[in-house]
Amino acid sequence: MKKLLSVAGAALLTALAAVFALGQPANAATGFSVSNGRLYDAGGVEFVMRGVNHAHTWYPQQTSSFANIKALGANTVRVVLSSGDRWTKNSAADVANVISLCKANRMICVLEVHDTTGYGEDGAATTLAKATDYWLSIADVLKGQEKYVIVNIGNEPFGNQGYSAWTTDTSNAIKRLRAAGLTHTIMVDAPNWGQDWSFTMRDNAGTVFAADPQRNTVFSIHMYGVFDTAAEISDYLGRFRTAGLPIVVGEFGFNHSDGNPDEDAIMAYAQANGIGYLGWSWSGNGGGVEYLDMTTAFNPAQLTSWGQRIFNGANGIAATSREASVYASTTPTASPTVSPTVSPTTSPTVSPTPPPPTTPPPAGGCTATYTVANSWQGGFQGEVKVTAGAAAITGWTVRWTFANGQSVTQAWNASVSNSGSAYTARNVDYNGRLGAGASTTFGFIGSWTGTNSTPATTCTAS
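Computed from a predicted model, the values in this text were never measured in an experiment.

Trainee: Explain the pattern of salt bridges residue by residue, including any values.
Mentor: Within this structure, the stated rule accounts for 13 salt bridges. A salt bridge links Asp85 to Lys130; the shortest N-O distance between them is 3.7 Å. Placement of Asp85 in the loop between β4 (76-81) and α2 (92-104) and of Lys130 in helix α3 (residues 128-137) is noted, with a sequence separation of 45 residues between them. Given a relative accessible area of 38%, Lys130 falls into the partly exposed group. The salt bridge partner of Glu323 is Arg106, with a shortest N-O separation of 2.8 Å. One end of the pair, Glu323, is in the loop between α10 (317-320) and β13 (366-376); the other, Arg106, is in the loop between α2 and β5 (108-113), and 217 residues separate them in sequence. The exposure class assigned to Arg106 is partly exposed, which follows from its relative accessible area of 35%. Each member of the salt-bridge network shares a partner with another, and the members are Arg78, Glu112, Asp189 and Glu251.

What follows is the structure, given as structure tokens:
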């Protein structure tokens, strides 16, 4: 985080090259694992990260933060550590205590080495190889914790110079960790101060994933000023979903010195698509980005506006977080989908439109409720909630007709087609089967001019 980009964001590329068509392994039994682009906990239940970053290495005395973060609903905490190359090294004993605090508070620990931040541009930063040395030096306290710990090799491992080495250096780091017997899920950050404006991680993620003999690597994008529109956010994350590669938003904020990220679109898209997010950060920011504190002076009773937004707002942590099944006495149910709305403090304009009236569907039928989630000049984000009737269904088709010349440019969680202004959306493989009264959602990015009225919808079940 904490760095103004010195190179402007490049235009979006279209190729994914080696990212596509990679096979996935069976879930490991000992800890977290990756299959078909999704993260699963040790109980075999899909796990979606909902949490925040905590700057432990600079504030080691703030151990109460773990309980306070959990109390606000988080299921994950990303913990800042130091390898000793730039800041005071976190000892093996300290890391063991951090893990115990995560476990005591029923959260998953994502442990990251921060010393790599901006390597190649920031002269004080260190290499991924040095970060790997650190992980190997504390391997004894990591082994046996695979159910509770994810190893994030190095934070933002390249700045805006020298980042062409990202693929090789990241692959080599993963191989060394595996050769040393670490079987944890590994998380890797993007270059370009984490924001991957060069699409180096996006276009080489397949190569890095294949370099892991366990196929148990998750990719982390940091979303600040480069990701200031819903279209950029959905395009980047959507390409990983299409490629069957696991992606999380490892850092993001509501504002930054390099631009105004669209946090509402980040949280809405992540929730609609089962993508984890970890906001930056709990407290203690400096260097001009103090506004990214979620609490004042680490006090959970004094949430800032950003803290209120990420914990208690639409698609926020409190509403969408589900505890890892290793902590649950019973298998948790799937996360409910929360209709995204936009905070009035951000750049998009809220366009809350009440859904059209519906009548209870017959047994085996379904209803569809259309909502304009976000709206901005010339574009909008739509969401449709499909609900089964009094009996289970195996598939659904939603139809609507735009009255004002709107058009859909990109969709997720449904196969969307059109004939002129008449649109048809059909379920995809994983969300067609709904139990009686159960719901799912699909979303899309659209364009509009002048008027953006809400169309009536019909839903047909199969």
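Trainee: A description of the state of the cysteines should follow, citing residues and the corresponding values.
Mentor: Applying the stated criterion across every chain, the model contains 2 disulfides. Here Cys102 connects covalently by a disulfide to Cys109, the sulfurs 1.9 Å from one another. Between Cys102 and Cys109 the sulfur-sulfur dihedral comes to about 75 degrees; the bridge is accordingly right-handed. Taken as a pair, Cys102 and Cys109 share a single burial class, namely buried. Across a sulfur-sulfur distance of 2.0 Å, Cys366 and Cys459 are joined as a disulfide pair. Its S-S torsion of about -105 degrees marks the bond between Cys366 and Cys459 as left-handed, since a negative value means left-handed. Separated by 93 residues along the polypeptide, Cys366 in strand β13 and Cys459 in strand β20 (residues 457-461) bring together distant segments of the chain. You'll find Cys366 and Cys459 in the same group, each marked buried. When the bonded cysteines of the chain are counted from the start of the sequence, the pairing works out to 1-2, 3-4.

Trainee: Before we move on, could you go through the packing of helix α5 (residues 166-179) against helix α6 (residues 200-211) and cite the residues and values that matter?
Mentor: For the pair α5 and α6, the least separation of the axes is 9 Å and the interaxial angle reads 30 degrees. By the angle between their axes, α5 is roughly parallel relative to α6. For the element pair α5 and α6, the recorded crossing hand is right-handed. Within the contact between the two elements, α5 uses Trp166, Thr167, Thr170, Ser171, Ile174 and Lys175 and α6 uses Thr200, Met201, Asn204, Thr207, Val208 and Ala211. In terms of residue class, the contact of α5 with α6 is made up of 5 nonpolar, 6 polar and 1 charged.

Trainee: Report on the pairing of strand β17 (residues 415-419), specifying residues and quantitative values.
Mentor: The pairing of β17 with strand β18 (residues 422-426) spans 5 bridges and is antiparallel. Residue pairing in the sheet places Ser419 in a bridge with Ala422 of β18. Here β17 folds back onto β18 in antiparallel fashion, the turn holding 2 residues, of which Gly420 has a positive phi close to 65 degrees.

Trainee: Residues and numbers for the environment of Ile233, please.
Mentor: Among the secondary structure elements, Ile233 is positioned in helix α7 (residues 230-243). Judged by its relative accessible area of 0%, Ile233 is buried. In this structure, the C-alpha to C-alpha distance between Ile233 and Ala270, residues 37 residues apart in sequence, is 9.5 Å. Beyond its immediate stretch of four places on either side in the chain, Ile233 contacts Met223, Phe227, Asp262, Ala265 and Ile266.

Trainee: How would you explain the packing of aromatic side chains if you had to name every residue and give the values?
Mentor: All told, the structure shown has 26 aromatic pairs when counted by the stated rule. For the ring pair Phe227 and Tyr236, a centre distance of 5.5 Å and an interplane angle of 80 degrees mean the geometry is edge-to-face. By the burial criterion, Phe227 is buried, and Tyr236 matches it. Aromatic side chains Phe254 and Tyr291 sit 6.1 Å apart centroid to centroid with 85 degrees between the ring planes, which places their arrangement in the edge-to-face category. Of the two residues, Phe254 is situated in the loop between β9 (247-252) and α8 (263-272) and Tyr291 in the loop between β10 (276-279) and β11 (295-296); the sequence distance between them amounts to 37 residues. Here Tyr291 falls in the partly exposed class, since its relative accessible area comes to 30%. Joined through ring pairs, the aromatic side chains of Tyr370, Phe380, Trp396, Trp400, Phe402, Tyr423, Phe442 and Phe444 make up one cluster. Taking the ring centre of Phe199 as reference, the NZ or CZ of Arg202 above it sits at 4.1 Å.

What counts as what
- Residues numbered from 1 in each chain as written.
- Predicted model: local features only at pLDDT ≥ 70, side-chain atom pairs only at ≥ 80, totals over all residues.
- Heavy atoms only, no water.
- Salt bridge = Lys/Arg side-chain N within 4 Å of Asp/Glu carboxyl O.
- Helix = DSSP H or I, 4+ residues; strand = E, 2+ residues; numbered from the N terminus.
- Buried < 20%, exposed > 50% of the residue type's maximum accessible area, 1.4 Å probe, protein only.
- Disulfide = S-S within 2.5 Å.
- Axes fitted to C-alpha atoms, helices over the stretch in contact; angles between N-to-C directions.
- Parallel < 35°, antiparallel > 145°, perpendicular 65-115°, else oblique.
- Left-handed = near helix turned anticlockwise from the far one by under 90°.
- Contact = heavy atoms within 4.5 Å.
- Nonpolar A, V, L, I, M, F, W, Y, C, P; charged D, E, K, R; others polar.
- Pairing = 2+ DSSP bridges.
- Phe/Tyr/Trp six-rings, centres within 6.5 Å; stacked < 30°, edge-to-face > 60°.
- Lys NZ or Arg CZ within 6 Å of the ring centre and 35° of its normal.

Any link to function would need more than the numbers given here.
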